[in-house]
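Residue strings, one per chain:
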Amino acid sequence: MLAFIKRREPFWLFVHSPSAMIAAFLTALIILGALFAPLIAPSNPYDLSSFSLMDGLLPPVWQDGGRSAFLLGTDDQGRDMISSILYGARLSLVIGLTAMVIATVLGVGLGLAAGYFGGRFDAVIMRIADVQLALPAILTALLIDGIARGILPTEIQQNMRVTVLTLAIALSLWVNFARTARASTFVEKNKEYVEAAIIMGQHPLRIMLIQILPNIVGPLLVIMTVDLASAILLEATLSFLGIGLPADSPSLGTLIRIGMQFLLSGEWWILWIPTVFLIVLVVAINVLGDFLRDIFNPGLR
Amino acid sequence: MLTVQDLTVRFPSRFGDFTAIKGVSLSVAPGEIHGLVGESGAGKSTIGAAVIGLLQSPGYVAEGSMTLQDTDLRTLSTDQAHKMRGKRISMIFQDPQTSLNPLMTVQDQLVETIQAHEDISKTQARKRAIDLLEEIGIKNAETRIRAYPHQFSGGMRQRVVIALALCTDPDLIIADEPTTALDVAVQSQVLGLIRRLADTRQIGFLLITHDIGVIAQIADRVTVLRHGIVMETGKTAQVLGKPKNPYTVDLMKAVPPLDRRLDRFLVPGEDRKSDTDRDQAKGDKAEKWLLAGQKDPATGLAINDLSVRFVGERTSLWRKPKPFIALNNVSLDVRPGTIMGLVGESGSGKSTLAKAITGLVKPALGTIRLQDLDLPHGRDRGRHHPSRRLIQMVFQDPFSSLNARHRIGYILGEPLLHYGFEPDAKLRRNLVADMLELVGLTPDAIDKYPHQFSGGQRQRIAVARTLLARPKFLICDEPTSALDVSIQAQILNLLKDLQATFGLTILFISHNLAVVRQMADDVTVLRYGKVVETGKVEDVFERPRAEYTKELLALTPVTPSDW
């Protein structure tokens, strides 16, 4: 059936790896669910008028007192858990993806230039990266969040929350990309095809982007997937600590924070369901990243 | 002693078995050096691995028998095979850099090996190790034995590897390309040592190599392999001197002789008739386009008192590190329209000179002039300096000189676009396709990626790329040292043809004297960054003046012409 696929090509390896297939399936399912949340979610968790306190603290449908209208139960405000999670995943994914893309562009750009030019430029960039690396990601994010709170007026702050959060996460992740891009560039720039381009007198920018970048994209792709998972986790952590998104537009982290209050009071679903959801999402993305790493490791092919 | 009968080795795969070795028979007598020669992929190393029982999984011996004296090597259990390895069969590998453990002293490695096979005390083992090192020509063995591998030079390190193979007193030693990584002077010493060991200790050697000169110099008998099948076997002088098999005949014709110059190599599958046809019909447009750009007369290159220094190793925290002098007052004159050969051992500064000419390395002193054009040094030469187009380079490694992520059409289109020759994408593509034909490839190569080509084809593509810049001066840095002899002959023919047609001036860098003899009009010999001798190629090869040149010529393994 799959005879048309070339052996040992990435896609062949993919259909022969059950863990990668399951991970890809779960990731795709969650992304689709988040993307089409307004269409498939039973209710809109942002619309305060759509839920009533009367429906508060309902357990999932398989437990006594559960109602079929709320398959996974409701929180104390009467919000449907499924809807909250789908909308929350939407926010988490948007923030995670955007942060990852910003970190990639920033990190790869700086790393490529540092590796290509070397010398003092390289030293400065990499020392900045070292300082960045010495600060835990959460601390960086807290710092940026604090600065934003300090300088922005209160009205704008509420609207800027997502932007500030994204930037904070991106700034704590770019170092990974910069280091990998720099190391790979060091290897590539001594190869003869790069020398040929230099002899020809090609512009350094062209050599970096057209000659070197396509050759170092493999390891970067791996980091992109792994860091996507990190970005989502980081967002969840910040929201959990209360410096992320507010309770009226909850992301996964915010949902978990809300659920914490009910951890010991018997309403387990408010905490556990978003937590399990987050774990599944992050693990699935990580498994995909591992699979990509295997593909780009020529020793295993 | 070693008898291999009808050996067949298979590598199973999803699409049926791949037969790497088909019905190979050979034998090695005590004290005999049996050469195993063939081009890459012929299965030389696979035979060696099968004999010593180290075939890479999933390869397996499908048929045939291998016996060492009365021991059947095929029926040995894993444990028995392990004991037999080292004790009765040893191996010498190609690269002495990697076949010794860098973290253990030579003494530890030798003693460990001796004690693994014999129940003797450490002091006795050590004494034996010292005797061995002395026997294979390491002076002060008593103290040198405590050194680490990196404290030995390349040739000495290969001697240590030989001592390691020898220390258990084996009957048979498999030497897999033992001198390929070494310079000629060291190579000749190591080969002499192998010959001496075969004669004095009656050890049988299975000498695996692609270098026919090496075989001619020391092997008693030779087996020629191709695609895992024996083409010809017999006494060395008979097989190499009067080859019967057509493949061996072709192979011998492709070997460049040191003592005379051939006009062209006769290459199997490329007879001269079809070659001239190609020049007329195919690649016509590309040839016209190139000739249109060659209107002005040929260009020479003059180098005057060029010195290149690199930052040396720091010996003290306070003192400035002493510079390492890579080139020392080198002067060179490449006459317009000729080929200048540049020879020397590794570390003599050949490649540094090429890099100085192309501006990749900045010389400390001296001048480089391309005809009437002064070439600024290093980064002082701007990106738009006219020499960026006029000087082009063919690199040694065809695997890394083409960007693996771009299609051939794109790679070859780059110079056309960059120098503004052909802004129109369609015309550019036509010209590239035609240029591919000019260098002997089919135009459908244009949409493929570099990894879809063999080394020789890639080198043709690399040559095509340089031509598309309409260069006047070409630097070829070891353009054929990564290629098999028959492929080497094709590439050398191609370069000769192109040089004659377009009046190019070429600096041809090689460590292989025979190749330089075939290609060059003039030759310069470099050693430790200094010019030792320079002159017309016939003069230097037939009447060398410098001692060093004489030595190089004498030590280069050649096939005797009186066979």
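Residues numbered from 1 in each chain as written. Chains lettered and ligands numbered in written order. Predicted model: local features only at pLDDT ≥ 70, side-chain atom pairs only at ≥ 80, totals over all residues. Heavy atoms only, no water.

Attention now goes to the overall build of chain B. Of regular secondary structure, chain B possesses 21 helices and 20 strands. Taken against the 2.2 N^0.38 rule, which gives 24 Å for 563 residues, the C-alpha radius of gyration of chain B at 26 Å falls within 12% of a compact globule. For chain B, with 563 residues in total, the buried portion stands at 53%. The long-range fraction of contacts in chain B, counting pairs at least 24 apart against all pairs at least 6 apart in sequence, stands at 69%. A total of about 25,100 Å² of accessible surface is found on chain B, and carbon and sulfur atoms cover 51% of it. One way to put it: in chain B the 71 positive side-chain charges average out to a point 5 Å from where the 65 negative ones average out. (Helix = DSSP H or I, 4+ residues; strand = E, 2+ residues; numbered from the N terminus. Rg over C-alpha atoms; globule rule 2.2 N^0.38 Å. Buried < 20%, exposed > 50% of the residue type's maximum accessible area, 1.4 Å probe, protein only. Contact = heavy atoms within 4.5 Å. Areas by Shrake-Rupley, 256 points an atom, 1.4 Å probe, with all protein chains shown as cover. Lys, Arg positive; Asp, Glu negative; His and termini not counted. Charge placed at Lys NZ, Arg CZ, Asp CG, Glu CD.)

Right, let's get into the overall build of chain A. Check the secondary structure of chain A and you find 11 helices and 0 strands. Its helices and strands taken in sequence order, chain A reads α-α-α-α-α-α-α-α-α-α-α from the N to the C terminus. Dimensions of chain A, computed from C-alpha atoms along their principal axes, come out at roughly 75 × 60 × 30 Å. Within chain A, the proportion of its 301 residues that are buried is 47%. Of all intrachain contacts in chain A linking residues separated by at least 6 positions in sequence, the fraction that spans at least 24 positions is 70%. Approximately 14,400 Å² of chain A is accessible, and the part contributed by carbon and sulfur atoms is 70%.

Once that is clear, we can look at the sheet that holds strand S4 (residues 60–68) of chain B. All names here are of chain B. Read across the open sheet, the 4 strands follow the order S2-S1-S4-S5; overall the sheet is antiparallel. Strands with a single pairing partner mark the edges of an open sheet, and in this sheet they are strand S2 (18–28) and strand S5 (71–72). Bridge analysis of strand S1 (residues 2–11) against S4 gives 7 bridges, and the strand direction is antiparallel. Residue pairing for S4: Gln 5 is matched across the bridge by Ser 65. Against the sheet, helix H1 (residues 44–52) makes contact with S1, S2 and S4, and its axis sits at roughly 110° relative to S1, the strand it touches most. (Pairing = 2+ DSSP bridges. Axes fitted to C-alpha atoms, helices over the stretch in contact; angles between N-to-C directions.)

Residue and element names in this part refer to chain B. With mixed pairing, 6 strands are arranged side by side in an open sheet as S16-S17-S18-S13-S19-S20. The open sheet has two edge strands with one neighbour each: strand S16 (391–394) and strand S20 (530–536). With direction set aside, neighbouring strand axes in the sheet form an average angle of 15°. Pairing analysis gives 4 bridges linking strand S13 (residues 339–343) to strand S18 (residues 505–509), with the strands arranged parallel.

Residues and elements named next belong to chain A. Taken together, the side chains of Phe 240, Leu 241, Met 260, Leu 263, Leu 264, Trp 272, Val 276 and Val 280 make up a nonpolar region of the molecular surface, amounting to roughly 760 Å² of accessible area. If one sorts the elements of the nonpolar patch by residue count, helix H11 (residues 269–296) sits on top with 3 residues. Turning to its location among the elements, Val 276 is positioned in helix H11. (Patch = residues over 30% accessible without salt bridge, like charges linked within 9 Å, V, L, I, M, F, W, Y side chains within 5 Å. Salt bridge = Lys/Arg side-chain N within 4 Å of Asp/Glu carboxyl O.)

Side chains of residues three or four places apart in an α-helix project in the same direction, reflecting 3.6 residues per turn. All names here are of chain A. The end-to-end C-alpha separation of helix H9 (residues 204–240) is 45 Å, well short of the 54 Å expected for 37 residues at 1.5 Å each. The largest bend in H9 amounts to roughly 60° and is located at Leu 213, with the proline Pro 214 lying one to four residues further along. Looking one or two residues beyond H9, the residue adopting positive phi is Gly 242, at roughly 95°. (Expected span 1.5 Å × (residues − 1). Bend = angle between axes of the 7 residues up to and from the residue.)

Moving on: the domain arrangement of chain B. All names here are of chain B. Domains assigned within chain B are domain 1 (2–253) and domain 2 (274–378 + 389–555). With centres defined by C-alpha atoms, the gap from domain 1 to domain 2 works out at 36 Å. Carbon and sulfur atoms make up 48% of the area that domain 1 and domain 2 hide from each other, which totals about 790 Å². Counting the surface domain 1 buries against domain 2, the share from its top three residues, Glu 39, Asp 183 and Val 184, is 55%. Taken together, the connections running from domain 1 to domain 2 amount to 3 residue pairs in polar contact (both at pLDDT 80 or more). With 3 residues, the top contributor of residues to the side of domain 1 that touches domain 2 is helix H7 (residues 184–201). Looking at the side of domain 1 that touches domain 2 residue by residue, the class counts come to 3 nonpolar, 2 polar and 2 charged. (Domains from an automatic or database assignment. Buried area = accessible area lost by both parts, 1.4 Å probe. Polar contact = N/O pair within 3.5 Å; in protein donor to acceptor, adjacent residues only side chain to side chain. Nonpolar A, V, L, I, M, F, W, Y, C, P; charged D, E, K, R; others polar.)

Residue and element names in this part refer to chain B. Phi is positive for Asn 140, close to 55°, though the residue is something other than glycine. By relative accessible area, Asn 140 is classed as exposed at 57%. Notably, Gln 202 is not glycine yet its phi reads approximately 60°, a positive angle. Along the polypeptide, Gln 202 turns up in the loop between H7 and strand S8 (204–209).

This part takes up the packing of helix H6 (residues 154–166) of chain B against H7 of chain B. Two numbers describe a pair of packed helices, the interaxial angle and the distance between the axes. Residues and elements named next belong to chain B. Two elements in contact, H6 and H7, have axes separated by 10 Å at closest approach and are oriented at 20°. Accordingly, the angle class assigned to the pair H6 and H7 is roughly parallel. Like other packed secondary-structure pairs, H6 and H7 cross with a definite hand, here right-handed. Residue-level inspection shows Gly 155, Gln 158, Arg 159, Ile 162 and Leu 166 of H6 in contact with H7, the latter providing Val 186, Gln 189, Val 190, Leu 193, Ile 194, Leu 197 and Arg 201. (Parallel < 35°, antiparallel > 145°, perpendicular 65-115°, else oblique. Left-handed = near helix turned anticlockwise from the far one by under 90°.)

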